[in-house]
Amino acid sequence: MISLNFIFPKTDQRVLKKYKSSDKIYQIKESLLNTSLPLNIDKNTIDYIRFFSMGKELDDSKPLSSYPLPDPSHPMPIHVHLLYLQTERITPMCCDSCNIV
């Protein structure tokens, strides 16, 4: 089992979970979404999740064992990048005919 320390943006809450080394990254994402997100994150608004560790994005199709552990005695840090559904215009436009979302 490998301990992972999930670090989320805009919160001090972290999630610490253990996974098998054979678990694929997409399975870990699904598990995280279904069980333990920080309280200020609504899973219904998340469109996509990206994991980064040691400066690299983790590929969904690869198992956890394909990434080196910095120190097996400590949890592997995983930075979680969340992309949200865009339901309204975010950027103010210069006029009413501009429709950039």
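- Going by an unreviewed UniProt entry, the protein chain carries the name Ubiquitin-like domain-containing protein and comes from Stentor coeruleus.

Looking at the overall build of the protein chain
- Along the backbone of the protein chain there are one helix and five strands.
- Across the protein chain, helices and strands are ordered from the amino to the carboxyl terminus as β-β-α-β-β-β.
- Counting over 101 residues, the protein chain shows a buried share of 29%.
- Across the protein chain, the fraction of contacts at a sequence separation of at least 24, relative to all contacts at a separation of at least 6, is 56%.

Looking at the pairing of strand S1 (residues 2–7)
- Within S1, five of the six residues are buried, which leaves the element mostly enclosed by the surrounding structure.
- Pairing of S1 with strand S2 (residues 14–19) involves six bridges; the strand directions are antiparallel. When the sheet's bridge partners are listed, Phe-6 is paired in S2 with Val-15.
- Linking two consecutive strands that pair antiparallel, namely S1 and S2, is a turn of six residues; a positive phi of about 60 degrees is found at Lys-10 within it.
- Of the strand pairs in this sheet, S1 and strand S5 (residues 76–84) are connected by four bridges, and their pairing is parallel. Among the inter-strand pairings, Asn-5 is bridged to a residue of S5, identified as Pro-77.

Looking at the packing of aromatic side chains
- Under the definition given, this model contains two aromatic pairs.
- Aromatic side chains Phe-6 and Tyr-19 sit 6.3 Å apart centroid to centroid with 90 degrees between the ring planes, which places their arrangement in the edge-to-face category. With Phe-6 in strand S1 and Tyr-19 in strand S2, this residue pair connects regions lying 13 residues apart in the sequence. Taken individually, Phe-6 and Tyr-19 each receive the classification buried, so the pair is uniform in this respect.
- The interplanar angle of 45 degrees and the centroid separation of 5.5 Å between the aromatic rings of Phe-6 and Phe-51 together place this pair among those described as tilted. On the criterion of sequence distance, the pair formed by Phe-6 in strand S1 and Phe-51 in strand S3 (residues 46–53) is long-range, its members being 45 residues apart.
- Exposure remark for Phe-51: the relative accessible area of 1% places this residue in the buried category.
- Through a chain of ring-to-ring contacts, the aromatic side chains of Phe-6, Tyr-19 and Phe-51 assemble into a single cluster.
- Its end group placed over the ring of Tyr-48, Lys-29 keeps NZ or CZ at 5.3 Å from the ring centre.
- Taking the ring centre of Phe-51 as reference, the NZ or CZ of Lys-29 above it sits at 5.5 Å.

The rules behind these values
- Residues numbered from 1 in each chain as written.
- Predicted model: local features only at pLDDT ≥ 70, side-chain atom pairs only at ≥ 80, totals over all residues.
- Heavy atoms only, no water.
- Helix = DSSP H or I, 4+ residues; strand = E, 2+ residues; numbered from the N terminus.
- Buried < 20%, exposed > 50% of the residue type's maximum accessible area, 1.4 Å probe, protein only.
- Contact = heavy atoms within 4.5 Å.
- Pairing = 2+ DSSP bridges.
- Phe/Tyr/Trp six-rings, centres within 6.5 Å; stacked < 30°, edge-to-face > 60°.
- Lys NZ or Arg CZ within 6 Å of the ring centre and 35° of its normal.

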